[in-house]
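Structural overview for review
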Amino acid sequence: MTNLKPAVFFDRDGVLNIDHGYVYRSEDFEWMPGAIAAIKHFNDQGCLVFVITNQSGIARGYYTEQDFQKLNEFMERELVKHNAHIDAFYYCPHHKDGIIPQYTKDCTCRKPQPGMLLKAMEEWPVDKDRSILIGDKPSDMEAAKAAGIPGYLYQGSNLYDFVLKIF
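Scope of this entry: the structure provided in the associated data block. (Residues numbered from 1 in each chain as written. Predicted model: local features only at pLDDT ≥ 70, side-chain atom pairs only at ≥ 80, totals over all residues. Heavy atoms only, no water.)

**Here's the deal with the layout of surface pockets**
- Computed from the structure, the largest pocket encloses a volume of approximately 310 Å³.
- Elements that contribute at least two residues to the lining of the largest pocket include exactly strand S2 (48-54), helix H2 (56-59) and helix H5 (138-147).
- Of the residues contributing to the lining of the largest pocket, the split by class is two nonpolar, seven polar and eight charged. (1 Å grid on protein atoms, 1.4 Å probe; cavity = no way out; pocket = protein on both sides within 12 Å on 5 of 7 lines; lining within 4 Å. Points joined across faces, edges and corners; volume = space filled by probe spheres on them. Helix = DSSP H or I, 4+ residues; strand = E, 2+ residues; numbered from the N terminus. Nonpolar A, V, L, I, M, F, W, Y, C, P; charged D, E, K, R; others polar.)

**Focus: helix H1 (residues 35-44)**
- When you tally the buried positions in H1, you get seven out of ten residues, the bulk of the element.
- Among the residues making up H1, those that are buried are Ala35, Ile36, Ala38, Ile39, His41, Phe42 and Asn43.
- The elements touched by buried residues of H1 are strand S1 (7-10), S2, helix H3 (65-80), strand S4 (132-135) and helix H6 (159-166). (Buried < 20%, exposed > 50% of the residue type's maximum accessible area, 1.4 Å probe, protein only. Contact = heavy atoms within 4.5 Å.)

**Comments concerning the pattern of salt bridges**
- Counted by the stated rule, this structure contains eleven salt bridges.
- Here Asp11 makes a salt bridge to Lys111, at a shortest N to O gap of 2.7 Å. Of the two residues, Asp11 is situated in the loop between S1 and H1 and Lys111 in the loop between strand S3 (88-92) and helix H4 (115-123); the sequence distance between them amounts to 100 residues. Each of the two residues, Asp11 as well as Lys111, counts as buried.
- Lys111 serves as the salt-bridge partner of Asp140, at 2.7 Å between the closest nitrogen and oxygen. Placement of the pair is Asp140 in helix H5 and Lys111 in the loop between S3 and H4, with a sequence separation of 29 residues.
- On the basis of relative accessible area, Lys111 is assigned to the buried category, the value being 5%. (Salt bridge = Lys/Arg side-chain N within 4 Å of Asp/Glu carboxyl O.)

Note that all results are geometric; they support no functional claim without further evidence.
Rendered as structure tokens:
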């Protein structure tokens, strides 16, 4: 594939937003300090920006895929105000302990499995050799390794400052 671009894969809860537990409503969404600036930084560098997020709250019946999509749309509207964007959202609605039958299963998309990353790499012109993942859990790091890209463990503070230290 020609015109490959580096990609940044962000976990959502605990990285882009403060993890208040099963966040699906815009009124409960709180950007992590520096998150919008970090996304814009990568946009300005010509990188593809993806969100890859486990969303077991769907399988558990806490909220629906439509609720999740509404929150994605809210995030995009907020980012546009800062001339920033996310190229695509990838999510896993599955969990083996779910209560919604169609989502109650083990799958290859739930981190630490690399399914979401691999799907994004198939669907977009991703230069794997220049791509990274930023996550806050060991499962994020395992998914990055399984997909063949470096993972960086973010542990709070200002996300933009964290990004500048990495690069």
